[in-house]
Every structure is written in structure tokens, then in C-alpha cells.
Amino acid sequence: MEIVMSGIAKAFGTNQVLRDVSITLKEGEVHALMGENGAGKSTLMNILTGIHKADAGKITIDGVERTFPNPREAELNGVAFIHQELNIWPNLTLLENLYLMRPKRNKFGMLDKKAMLEEAQNTCRELGIELPLTTEAGLCSVGHQQMTEILRILMLDAKVVIMDEPTAALTERETATLFKMMRKMKARGVAIVYISHRMEEVFSECDTITVMRDGHTIITKPTAEISVDEVVRHMVGRSIDEFYPARTTTPGEVVMSVDNLKPEGFDNEISFSLRKGEILGVAGLMGAGRTEIMRAIFGVDKHNGGTVTVNGSVLNCKKPEDAIKAGIAFITENRKSEGLILDFSIGSNITLPNLSEICPSHVLDKGKLNSFADELSKKLGVKTQSIHEPASSLSGGNQQKVVIAKWVGKKPSIIIMDEPTRGIDIGAKRDIYDLMNELTNDGVSIIMVSSELPEVLGMSDRVMVIHEGRVAGILDRCDATPESIMTLATGGQ
Amino acid sequence: MKKLLLLLAMAVMVIGLVAGCGKSADNGGDKKSGTIGFSVSTLNNPFFVTMKEGVEAQAKALGLKVKIVDAQNDPAKQANDISDLLESGVSVLIINPVDSAAISTSVEAANAKNIPVITVDRSADKGKVVAHIASDNVKGGEMAAQLIVEKVGKAAKVAEIEGIPGASATRERGQGFHNVADKDLTVVAKQSADFDRTKGLNVATNILQANPDVQAIFAHNDEMALGAIQAAKSAGKTIFIVGFDGTADADKAVKDGTLAATIAQQPDQMGKIAIDTAQKVIKGEAVEAKIPVDLKVVKK
Amino acid sequence: MDSKALQYIKKLGPLIGLILLFIIISVMNDSFLEFSNLRNLLRQVSINAIIAFGMTFVILTGGIDLSVGSILALSSAVMANLIVTGTDPVLAIVLAAGAGLVLGGINGLVITYGRVAPFIATLATMTIYRGATLVFTDGNPISGLTQDPLFHGFGQGDIAGLPVPAITMFLAFIALWFVLSRTSLGRKTYAVGGSEKVSYIAGIKIDRVKIFVYALTGMLCGIAGAIITSRLNSAQPTAGAGYELDAIAAVVLGGTSLAGGRGHIVGTLIGALIIGTLNNGLNILDVSSFYQQVVKGIVILLAVLADRKKA
């Protein structure tokens with residue numbers, strides 16, 4: 001089966017995710033799809049498998065134009081998508097998962113377990129893998145769950161298999177098994193789309209590489225004819241223009257130092273420091289552990305050993321309230337579930353961490369509360385009719401401004417921002433960058449975790465790169481380039 | 001909005017319908033018209049249902065109106081029920097108290113309004129009551145013990161399954177039972193099962209487990225006795241079981257031979273006598289302060 | 001209809017229901033609206049309302065308290081015992097509230113430091129407290145209390161034509177309304193129910209807020225227990241069984257979300273009045289007690305359904 005997608009475009013609201021994408025998937029070929037987060041890789045594959053509808057462009061399969069109405073239809077026609085979140089029922093056995101949608105029945109209409117087990121075992125043998133078929137999926141490793149999913153798709157006679165970051169949660173041995181499976185599939189003539197950030201895997205396992213950026217396909221080349229450097233350059237290729245305001249602050253003395261901190265689940269210890277008025281960018285691939293480090297510092301999650309020193313005194317980071325007392329604020333990446341109480345009004349959200357400062361007597365003074373919230377809401381440019389509107393009525397960008405407002409109101413000396421501009425529009429982004437500059441001018445230090453490379457490069461005084469739960473390197477502003485960051489983030493030297 | 005109105009309309013209809021068909025007597029000005037109020041402790045127990053039926057039957061026969069409220073075994077609800085009855089205007093109040101101590105304030109409230117009070121089955125600790133209608137529970141307990149002495153023999157090993165701890169029936173039946181049993185029987189176990197059949201089954205099972213040589217069981221009511229029968233059956237034992245109250249189920253069990261005997265109260269008689277007494281009170285006739293209702297031993 | 005007006009109606013929903021109920025019952029029986037019956041009604045409502053006020057706080061934090069009836073019984077027993085052994089009755093009432101506070105506080109501690117789900121924790125303490133009451137009273141009601149007029153008045157008396165329990169209820173209502181809508185503690189109660197995670201990250205001591213709401217509920221149960229003790233002039237070991245459901249029903253009828261974070265104590269007062277009016281009205285209308293339960297259930301269901309339609 002050969003699939004040709006050409007001229008594909010797709011917008012979500014005003015956000016043009018795909019502009020003009022073309023890609024050809026050939027029988028028996030492993031095709032790597034690379035690009036930064038938000039480049040449009042997943043959207044493209046979602047269009048192919050019928051999850052989304054393209055606004056423009058066409059898809060031809062073996063020369064015939066065709067679109068699938070839903071993923072199930074795509075799967076039945078041999079095009080299957082294995083998402084990062086596996087489609088597995090943890091309370092069923094692997095075998096039951098395999099046959100859930102198309103059970104085998106005996107002549108009495110009862111489930112024919114024996115026949116199913118036999119067939120599954122045969123397929124496993126053919127692919128050279130071993131699976132605990134009668135164990136509950138929830139008790140199996142992620143690797144086994146993923147193999148089950150792949151097996152399920154192969155037993156549907158899949159011709160095109162898309163895998164989104166399949167090795168993200170696998171151990172080295174499991175990864176090796178996966179690659180073995182992929183080679184068998186390839187030999188059967190299956191076309192594989194391999195979405196990954198990991199250079200070494202892509203270069204060892206894939207035949208062709210396509211790089212996407214900003215909704216365009218930048219380049220498609222056989223792996224043998226392209227170098228790692230070239231791929232990275234194409235991935236981050238845009239210049240960092242005047243979109244980012246100039247940094248005018250000169251960082252001062254160290255205000256916070258993290259020494260040998262070991263967040264729960266980490267094998268390595270984390271050490272770094274933050275200076276007064278500095279913006280420390282934190283870059284890395286998804287799942288590298290950036291968020292976990294920040295949560296451990298703030299006391300949201302546990303840690304096993306290490307110290308955090310703020311302004312000379314050791315911080316007991318057991319609970320957020322301790323971190324707040326030490327003058328730290330934390331803007332989490334999930335503003336809907338951790339940043340805002342959506343039922344609360346904008347004003348109530350802004351005043352929430354500041355109640356005891358505004359009303360020391362613990363009796364609410366509505367006048368004071370309103371003027372406090374109003375002032376901050378105006379300062380951050382929250383676009384709303386009144387601060388009494390519920391937070392749920394705001395757009396993403398304005399919601400983010402409310403989250404920032406509530407922490408700015410606390411007058412912290414250190415602000416940790418986790419993906420501060422994710423999913424918000426350009427205008428609001430610029431507002432937030434300006435505010436960050438203003439804050440650092442006033443002596444506030446900021447740690448900014450971001451998956452957007454241009455943002456990291458545009459705003460940071462220094463960049464800390466995290467790779468698989470350890471500090472891969474800390475780059476000064478002058479040394480930080482897209483290439484140097486990507487190299488560190490993907491495990492290169 | 002339309003749906004909301006529809007829902008409200010439905011609510012009105014439901015209440016109207018229920019109020020219409022749920023009424024036990026016809027409507028009309030109730031104030032001081034000879035209506036009788038009857039507050040029953042619970043209708044979750046066949047004994048009191050029979051009592052209620054006795055009240056209803058006799059009231060119908062005499063052409064009297066009676067308002068019935070069910071306290072669902074909650075003394076506080078009974079206090080509310082009685083204040084509602086007093087508020088809606090009744091001439092006589094028949095109370096079957098949930099608890100003798102707790103009912104006092106309600107009796108006093110009726111006294112303050114000059115509404116005469118008749119108590120049935122359980123008495124009131126305080127307040128003025130014109131008549132108390134009850135079986136002689138102490139005597140009934142003695143009758144049960146004597147029956148066991150007669151049929152099983154002196155010094156027989158007996159288990160006692162008690163009612164709700166502290167309830168007057170529990171106290172009095174237990175007292176009567178022990179008046180005889182302490183001399184002539186060996187009481188090997190004594191446990192409460194709250195007058196409840198399921199609990200009676202569990203308690204009896206436990207007792208039989210611990211004392212396999214029990215020859216007879218006295219349960220403070222039939223419900224618990226019926227539970228005990230099941231327990232004996234599962235344990236594969238033949239035990240002489242005596243209940244108390246004489247409910248329809250117990251009568252049947254006696255006929256079947258599974259229950260040795262029950263000390264039958266006559267709740268329908270209590271209800272009937274209560275209405276008769278109430279009628280006398282309305283007419284201004286004198287009534288006895290204590291009206292005993294006969295108990296009888298029902299056995300095969 | 002614009003959303004503002006709809007919001008307004010949504011808030012007024014329970015009140016409209018109560019008024020309708022009043023109209024229906026008074027049309028069917030004229031003695032219902034008499035002043036003496038309304039007083040009677042308020043006296044009957046007060047106990048459930050006082051417990052339901054506390055339950056509102058608990059439910060606003062996203063929790064539940066099943067142990068209210070048992071706390072009521074145990075603090076009532078403690079109080080009666082104190083009076084029988086010669087303690088000043090007024091002091092005994094205060095101590096009953098204190099006992100409730102401690103018992104509720106234990107609930108809070110189990111839920112926060114023990115990390116037990118509120119449903120399970122209070123299910124357990126419900127049984128424990130009930131058992132403790134039976135042990136403490138030996139299963140017997142404690143009667144033969146005092147003739148002290150202050151003690152009697154607490155459950156049975158009237159001041160200026162209003163029943164004392166109703167006055168207690170209104171005082172509790174005003175105080176708790178103030179706490180809930182005018183203090184940072186009230187705001188935090190909503191915040192914890194709105195999102196525990198957001199509150200935690202915002203540095204709110206959510207454990208303290210939770211312990212507070214359970215202790216408050218316990219204290220209110222103690223007060224309700226004192227009212228019952230005075231009203232029945234005795235302490236019943238089985239008192240309060242099933243009261244948790246009436247309290248939860250009042251809270252839900254008042255429009256408070258069981259998921260937490262949304263609702264108000266004003267609604268709870270109205271909810272308790274609706275339940276009380278149903279009890280009283282159906283008795284006055286002489287509806288058979290079997291049907292009464294059916295009607296109560298249907299009204300709760302209709303109220304919740306109507307609330308959902310409007311949302």
C-alpha cells in the first residue's frame with residue numbers, strides 16, 4: 001500500500017497548524033517524522049487516520065483518493081495509529097485486549113478462548129516475541145502493553161502503522177524488542193511512520209526522514225544522505241526575530257541554589273543555581289523531567305534528598321506553603337487543573353493566595369479584595385468585562401494572565417513558570433514576555449520551563465538543558481543556539 | 001424553563017394524588033370534632049401494624065375518625081408527629097411510645113393543651129395519662145420460663161435473646177423470665193438482637209456455636225425467635241424455642257412445629273381497646289388507669 | 001431568556017419550591033398556615049437545619065459526614081450524664097457542643113492525616129461513635145434529668161413567641177453565613193472544594209480547612225443533641241439514626257453540589273425548611289406514613305432534576 005498526502009492544511013480556530021504538507025509512505029519503509037513540539041506531526045497523522053478532517057489537500061491510497069471518516073474505519077482498512085497513551089483496558093488480560101473488538105466465538109456463540117489463545121501465540125512466535133497473554137494488562141509493563149497493541153493491529157492485517165514516540169516509556173531491552181518487531185513488520189511489507197525526537201533511534205532504524213516545521217514539510221531525504229546536524233537545523237530553522245523583547249537586566253548574586261536534589265523517581269541528582277533578576281530557561285524534550293524538578297522544589301511532589309537554599313536559608317520543600325513563605329511562586333503547566341478554580345470569579349482566583357495579606361483579620365473586606373484584584377488584572381491586561389466573571393469564561397491567554405496575576409500579587413522573589421505561554425495567542429505571549437522583563441528589572445528571578453526553543457533562546461539569560469532526568473548542560477546566553485540545545489536535549493555530546 | 005414548569009406541575013400532582021388516596025378518613029374541619037390521633041412507634045414491625053389495623057377497624061366500626069402518624073422508631077420524630085397532631089386538632093391522643101422517657105415531654109405538651117392521652121404497649125415516664133393499655137410483659141416473661149421448665153425440664157440450659165437494650169419490653173420480659181429462670185433454669189447465654197429477625201439469626205448462630213448444648217431459647221419477640229429457628233436449622237439442632245408477641249408468622253411457625261410456642265400478645269385487641277377507651281374519654285366516661293390485655297401461650 | 005436571569009432563577013429555585021409547597025399544603029388544609037403551626041414547624045426543622053449547616057461546609061469541601069447522627073447521640077448522652085451527676089445544665093450544653101467538636105475533629109484528623117476518604121472515615125466513626133454511645137449508656141436511655149428552666153427552655157421554650165431551638169438555628173445560620181461568605185476561612189472552604197490541587201499549590205493549609213469543617217459539623221451536632229435532649233428530657237442511645245441522610249438531603253435540595261465548591265448555606269436553610277414542611281404538611285394532611293416516604297423521595301428527585309435542567 002502506498003499513501004500519498006499532498007497539500008494538506010488544517011487550522012484549529014485561528015491557529016494554523018498545518019499549512020502545506022506533503023508526504024509519501026511506501027510499502028516496507030520506515031519513515032521518520034521529525035520536528036519540534038507543535039510542528040504539526042501528530043495533527044498530520046490524525047488527519048490520515050480520520051481523527052481530524054483536513055481543510056485542504058488530498059490523500060491517495062494506491063492511486064485512489066480516499067479519506068477515512070474515523071479511526072476505526074482507518075484501522076479496518078489497514079491504517080493504524082499507536083498513540084503515546086495506549087488504548088489498553090488495564091483490567092482485562094492482554095488476550096482479552098487483543099480480541100475485545102472482534103472476539104472469536106465457537107458454534108454455541110460462546111467466546112472461544114482456546115482458539116484465540118492459539119492464534120495469538122502463533123502470531124507472537126512468528127514475530128519472535130513473548131507475551132504473558134493471560135495476565136491482566138494493568139500488571140504488565142508498558143512494553144508488553146505496547147506490543148499487545150501492535151500485535152492487535154497486525155492481526156487486523158495493518159498495512160500502515162503510525163507510532164508516536166513509541167520508545168518514550170520503554171526500557172532498553174524493550175526498545176530492542178520493539179525494533180526487532182519493526183524489522184519483521186517491514187519485511188512483511190508494512191509501512192511504518194516513526195515519530196520520535198531521539199536522533200540515534202531515527203538514524204539506526206529509519207529509511208527516510210521527513211522534517212516538519214511550522215506546518216510545512218521542510219525536507220524529505222533518505223537517512224543515508226542526511227546528517228544529524230542537518231536535521232536539527234531544519235527542525236529549529238527559524239531566526240529569533242524581534243518578537244522577544246530585549247533583555248536589559250544584569251543578573252546579580254545567587255538567590256537560590258539547588259544542590260543534589262533528587263526528585264522522586266529520578267536516578268540522578270539535580271544541581272543548579274539562580275541569580276537575582278535572571279531568567280533561567282529550562283529546555284529539554286517532553287518527559288525529560290523538567291516539570292518534575294520544579295514540582296519537587298516547590299514541594300508539590302516528594303523528593304529523596306538534596307537541599308534547596310533560598311537567600312541563604314535552607315528551604316524545607318515539603319509543602320507548597322513552605323516554598324511560598326520563602327518567596328517562591330509556581331505557575332504550573334496545567335492552568336486548568338492546578339492554576340485556576342474555574343468556578344471562582346477572576347477576582348477570587350487572584351486573591352486566593354493573598355487572602356491573609358489583604359485581610360489580616362481574616363474577615364473579608366470586599367472593597368480591598370476588589371481593588372487588589374482589579375489592579376492586578378489591569379496590570380496584566382486581562383481582557384474581561386469585570387473581575388466578577390467566572391475564570392472559566394476567559395480565553396486561554398487571559399486565564400494564564402490571571403494565574404500569573406495571583407502570584408505576582410504575592411510579590412515573590414522567585415517565580416517558576418512551567419510552559420508559561422503554552423496554547424495561548426501571540427498577543428498574550430508578548431504581554432507575558434514584557435511582564436517577565438519588568439519583573440526581572442525589579443529584581444525578581446524567573447525559572448522558565450519551556451518546550452518552545454525560540455522562547456527559550458529569546459528570553460533566557462542562561463539555559464539549563466535536561467535530558468532523561470539529569471542536567472545535560474547549562475549554557476550561557478551567548479553559547480545557546482538551537483543546535484547546541486537540541487544536541488544536549490537529544491543526548492548528544 | 002418549560003421543563004422546569006412541567007416538573008413543578010408533576011410535583012403538585014404527586015402530592016395531590018397521594019394526599020387524596022393516602023387519607024384514612026374523609027376530609028373536613030377537624031378541630032374538636034372528636035378526631036382521634038394515633039402515634040405509632042413504627043410500622044416496620046408486624047406487631048405494630050396489627051395494632052394499627054386494630055385501631056383502624058374499631059374506629060371504622062364505631063364511626064370515629066383517626067389520624068395515624070408513624071415515628072419510624074425515632075423518638076425525636078415522634079415528638080414532631082405529636083406536635084403536628086396537636087396542631088391539627090385532635091380530641092384524644094393515643095400514643096404507642098418509641099421510648100418511655102423521651103415521650104414524657106410530648107405527653108406534657110398534650111397535658112398543657114388539655115388533650116387526654118392514652119398510652120399503648122409502652123408507658124410514659126412522666127406526664128398525665130388517662131389510661132395505659134398493655135400486656136403484662138413481666139407476667140409474659142414468667143409464662144415463657146415456666147413453659148420451658150415444664151417441657152424441657154428443670155435446670156435445662158437456656159439462651160436468652162434480648163430486645164433493644166433498655167427498651168421497656170426488653171427490661172420487663174427479661175425481668176419476668178429471670179424471676180423464674182434464675183431459680184429453675186440455667187441461662188448459659190444472654191445477647192441482644194434488637195428485636196430484629198436477621199440479627200436474631202446471627203446472634204442465635206453465634207450462641208449455638210459457643211454453647212452447642214443449649215436446649216431452649218427464649219427470644220424477647222417473635223421476629224428474633226424466627227431468626228433463631230433458622231439458626232437452629234442450619235446448625236442441625238432441635239431446640240425448644242419460645243417467642244413473644246404472637247405475630248402471624250409466629251403462629252404459622254407454631255402450627256408447622258418449628259416454633260415451640262409464643263407468648264401471644266394481642267395487638268389488635270390493644271388497638272381495639274385503645275379506641276374503645278378513647279371513645280369513652282370523648283364521651284366523658286371514667287376509664288381505668290391501667291387496662292391489662294390478656295396474653296396467651298400459643299403452642300401446638 | 002438571557003443567562004443572567006437564568007442564573008437568578010437558578011439561585012431562587014429552592015425558594016420557589018418552598019413557596020409552592022406552602023401554597024399547595026395551605027390550600028389543602030387551612031390549619032397549616034396558622035401561626036402556632038409555623039412555630040411548630042420551625043421547632044421541628046431546627047435540629048435537621050443545624051446539622052445540615054455543618055454538612056454544607058463539609059460538602060462544599062467535597063467531603064461527606066455520615067457520622068452526624070452518632071455524634072449527636074454520643075454528645076447527647078454525655079450531656080445527660082453530666083446533668084444527672086450534677087453538672088450545671090447550661091455548662092452541660094456547652095460541654096455537649098465541645099464533645100461534638102472533639103468527635104468531629106477526630107473525623108477531620110482521620111481524613112487528613114490518615115488520608116482516608118471522608119465516606120469511609122465517617123462510615124467507620126459513625127459505627128464507632130454509635131457503639132461508644134451504647135457502651136456509655138449501657139443501652140438504656142438516660143432520663144430523670146433536671147427541672148432547670150434554662151435547660152428545659154433550650155429545647156422546649158419560647159422567647160418572644162419564637163421557639164428557642166428556632167432562635168438557636170437562626171443564630172447559627174447568621175454566624176455561619178458570615179463565616180462562609182465574609183471570612184477567608186469561608187473562601188478557603190470553597191477553594192478546597194473547587195480544586196484541592198489549586199488550593200494546595202496556592203499555599204492554603206487544606207488539612208486545617210478540612211479539620212475545621214468536620215469539627216464545626218461535630219459541634220453543631222452536639223448543639224442539636226443538646227436540643228433533642230432537652231426536648232425529650234432524656235438522652236436516647238439510638239437518637240439521630242438516619243439523620244445524616246436528612247441533612248444531606250437538605251444540603252442537596254438547597255442547590256449545593258455534592259462534588260464540592262458550589263452552593264450556599266442559604267440554600268441549605270431553605271432545603272431543611274422544605275423537608276420539614278413536607279414532614280409537617282403531610283402529617284397535617286393526614287397522608288399515610290407509607291406514602292409520606294414516597295413523596296419525600298420524589299420531591300428530592302424532582303428538585304435535583306429541576307436543578308439540572310436549569311444548569
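Everything quoted here is computed from the prediction, not taken from an experiment.

**Topic: the overall build of chain B**
Part 1 of the argument: Within chain B, the secondary structure is distributed over 10 helices and 12 strands.
Part 2 of the argument: Expressed as a percentage of the 300 residues in chain B, the buried residues total 54%.
Part 3 of the argument: A sequence separation of at least 24 residues applies to 71% of the contacts in chain B between residues at least 6 apart.

**Here we look at the sheet that holds strand β12 (residues 270-275) of chain A**
All names here are of chain A.
Part 1 of the argument: Strands sit in the order β12-β11-β14-β15 across an open sheet of four strands; the sheet is antiparallel. A single partner strand is all that each edge strand has here, and the edge strands are β12 and β15 (313-315). Neighbour to neighbour, the strand axes of the sheet diverge by 20° on average, direction disregarded.
Part 2 of the argument: The pairing of strand β11 (residues 254-261) with strand β14 (residues 307-310) spans four bridges and is classified as antiparallel. Looking at β14, one finds that Asp-259 is bridged to Thr-307.

**With respect to the UniProt feature "domain: Periplasmic binding protein" (unreviewed entry) in chain B**
Part 1 of the argument: Residues annotated in UniProt with the feature "domain: Periplasmic binding protein" (unreviewed entry) correspond here to residues 36-285 of chain B.
Part 2 of the argument: This span, residues 36-285 of chain B, is 51% helix and 20% strand, and a straight line between its end C-alpha atoms measures 16 Å.

**Focus on helix α2 (residues 46-62) of chain B**
Residue and element names in this part refer to chain B.
Part 1 of the argument: Look at α2: 24 Å from first C-alpha to last across 17 residues, which is about the 24 Å you get at 1.5 Å a residue.
Part 2 of the argument: Those residues of α2 that sit buried are Phe-47, Phe-48, Thr-50, Met-51, Lys-52, Gly-54, Val-55, Gln-58 and Ala-59.
Part 3 of the argument: Looking at the buried side of α2, the elements it contacts are β1 (36-40), β2 (66-70), β4 (117-120), β9 (240-245) and α10 (267-283).
Part 4 of the argument: In the stretch just after α2, Gly-63 is the one whose phi turns positive, near 70°.

**Thoughts on the environment of A:Tyr194**
All names here are of chain A.
Part 1 of the argument: Position of Tyr-194 among the secondary structure elements: in strand β8 (residues 191-195).
Part 2 of the argument: The sequence separation of Tyr-194 and Ala-168 amounts to 26 residues, and the corresponding C-alpha distance is 12 Å.
Part 3 of the argument: Beyond its immediate chain neighbours, meaning those up to four positions away, Tyr-194 contacts Val-30, His-31, Ala-32, Leu-33, Met-163, Val-202, Glu-205 and Cys-206.

**Some remarks on the domain arrangement of chain B**
Residues and elements named next belong to chain B.
Part 1 of the argument: Taken domain by domain, chain B comprises domain 1 (33-129 + 267-293) and domain 2 (137-264).
Part 2 of the argument: Relative placement of domain 1 and domain 2: their C-alpha centres are 30 Å apart.
Part 3 of the argument: Contacts between domain 1 and domain 2 engage five residues on the former and five residues on the latter.
Part 4 of the argument: In the side of domain 1 that touches domain 2, the residues fall into two nonpolar, two polar and one charged.

**Remarks on helix α6 (residues 172-187) of chain A**
Residues and elements named next belong to chain A.
Part 1 of the argument: Taking 1.5 Å per residue, 16 residues should reach 22 Å; α6 reaches 23 Å between its end C-alpha atoms and fits that length.
Part 2 of the argument: Taken as a whole, α6 has its buried residues at Thr-177, Leu-178, Met-182 and Met-185. End-on, the buried residues of α6 take up no more than an arc of 145°, which puts them together on one face. Among the exposed residues of α6, those oriented more than 90 degrees off its buried face are Glu-172, Arg-173, Ala-176 and Ala-187.
Part 3 of the argument: Considering only its buried residues, α6 is in contact with β3 (30-34), α5 (142-155), β7 (160-164), β8 and α7 (199-205).
Part 4 of the argument: Backbone geometry just after α6 places Gly-189 at a positive phi near 95°.

**Examining the confidence of the model for chain B**
All names here are of chain B.
Part 1 of the argument: Overall, the prediction assigns chain B a mean pLDDT of 86, with 89% of residues at 70 or greater.
Part 2 of the argument: The secondary structure element of chain B with the lowest average pLDDT is helix α1 (residues 2-21), at 58, and the one with the highest is strand β8 (residues 216-219), at 96.
Part 3 of the argument: The low-confidence segment residues 22-32 (pLDDT under 50) makes 18 contacts with residues lying over four places distant or belonging to another chain.
Part 4 of the argument: Quick note on the complex model: pTM equals 0.75, ipTM equals 0.85.

**Digging into the interface of chain C and chain A**
Part 1 of the argument: With 17 residues of chain C in contact, the opposing surface of chain A contributes 22 residues.
Part 2 of the argument: Secondary-structure elements contributing two or more residues to the side of chain C that touches chain A are α8 (184-194) and α9 (196-201) of chain C.
Part 3 of the argument: A class-by-class count of the residues in the side of chain C that touches chain A yields six nonpolar, six polar and five charged.

**A short note on the packing of α8(C) against helix α10 (residues 206-232) of chain C**
All names here are of chain C.
Part 1 of the argument: Across the interface, α8 lies against α10 with an axial gap of 10 Å and an inter-helix angle of 105°. Classified by the interaxial angle, the pair formed by α8 and α10 is roughly perpendicular. Along its contact with α8, which presents Leu-185, Lys-188, Thr-189 and Val-192, the element α10 presents Ile-206, Val-209, Lys-210, Phe-212 and Val-213.
Part 2 of the argument: Residues of the contact of α8 with α10, tallied by class, amount to six nonpolar, one polar and two charged.

**Describing the environment of A:Arg335**
All names here are of chain A.
Part 1 of the argument: Inspection of the secondary structure assignment puts Arg-335 in helix α11 (residues 335-339).
Part 2 of the argument: On the basis of neighbour count, Arg-335 is assigned to the buried category, with 24 C-beta atoms found within 10 Å.
Part 3 of the argument: Expressed as a C-alpha distance, the spacing of Arg-335 and Pro-454, which sit 119 residues apart in the sequence, is 22 Å.
Part 4 of the argument: Look past the residues within four positions of Arg-335 in its chain and what remains in contact with it is Leu-340, Gln-399, Gln-400 and Val-403.

**Notes on the sheet that holds strand β7 (residues 186-192) of chain B**
Residue and element names in this part refer to chain B.
Part 1 of the argument: The strand order across the open sheet formed by six strands is β7-β6-β8-β9-β10-β12, and the pairing between neighbours is mixed. Strands with a single pairing partner mark the edges of an open sheet, and in this sheet they are β7 and β12 (296-299). The average angle at which neighbouring strand axes cross in this sheet is 20°, direction not considered.
Part 2 of the argument: Here six bridges tie strand β6 (residues 157-162) to β7, and the two strands are oriented parallel to one another. From the neighbouring strand, Lys-157 faces β7, where its bridge partner is Thr-186.
Part 3 of the argument: Across the sheet, helix α6 (residues 168-184) is in contact with β6, β7, β8 and β9; its angle to β6 comes to roughly 170°.

**Considering the pairing of strand β10 (residues 216-222) of chain A**
All names here are of chain A.
Part 1 of the argument: Both strand β9 (residues 208-213) and β10 contribute to a ladder of six bridges, which runs antiparallel. In the strand pairing of β10, Ile-209 is matched with Lys-221.
Part 2 of the argument: Hairpin connection between β9 and β10: a loop of two residues separates the two successive antiparallel strands, and Asp-214 in this loop has a positive phi of roughly 50°.

**Points about unusual backbone geometry**
Residues and elements named next belong to chain A.
Part 1 of the argument: One non-glycine residue with positive phi stands out, namely Asp-157, at about 70°.
Part 2 of the argument: Here the phi dihedral of Glu-165 falls at roughly 45°; this positive angle occurs in a residue that is not glycine.
Part 3 of the argument: Mapped onto the elements of the fold, Glu-165 is located in the loop between β7 and α6.
Part 4 of the argument: We classify Glu-165 as buried; it has 20 C-beta atoms within 10 Å.

**Describing the domain arrangement of chain A**
Residues and elements named next belong to chain A.
Part 1 of the argument: The domain architecture assigned to chain A consists of domain 1 (3-236) and domain 2 (254-489).
Part 2 of the argument: Domain 1 and domain 2 are separated by 36 Å when their C-alpha centres are compared.
Part 3 of the argument: Between domain 1 and domain 2, the contact holds nine residues from the first and nine residues from the second.
Part 4 of the argument: Residues of the side of domain 1 that touches domain 2, tallied by class, amount to four nonpolar, two polar and three charged.

**Points about the nonpolar core**
Part 1 of the argument: A:Val161, A:Ile416, A:Ile485 and C:Ile51 are the most contacted members of the largest nonpolar core, which has 287 residues in total.
Part 2 of the argument: Per-element accounting of this core gives the leading share, 17 residues, to α10(C).
Part 3 of the argument: If sequence neighbours within four positions are ignored, A:Ile485 has contacts with A:Ala283, A:Leu453, A:Val456, A:Val463, A:Val465, A:Leu475 and A:Ala480.
Part 4 of the argument: Counting 47 residues, the second largest nonpolar core, distinct from the first, contains B:Ala167, B:Ile217, B:Phe240 and B:Val242.

Calculation rules
Residues numbered from 1 in each chain as written. Chains lettered and ligands numbered in written order. Predicted model: local features only at pLDDT ≥ 70, side-chain atom pairs only at ≥ 80, totals over all residues. Helix = DSSP H or I, 4+ residues; strand = E, 2+ residues; numbered from the N terminus. Buried ≥ 20, exposed ≤ 12 C-beta atoms within 10 Å, placed from the backbone. Contact = placed C-beta atoms within 7 Å. Pairing = 2+ DSSP bridges. Axes fitted to C-alpha atoms, helices over the stretch in contact; angles between N-to-C directions. UniProt positions renumbered as here; feature names shortened; annotations may be inferred. Expected span 1.5 Å × (residues − 1). Domains from an automatic or database assignment. Nonpolar A, V, L, I, M, F, W, Y, C, P; charged D, E, K, R; others polar. Arc of directions from axis to C-beta. pLDDT = per-residue confidence, 0-100. Parallel < 35°, antiparallel > 145°, perpendicular 65-115°, else oblique. Core = buried A, V, L, I, M, F, W, Y, C linked by C-beta atoms within 7 Å.

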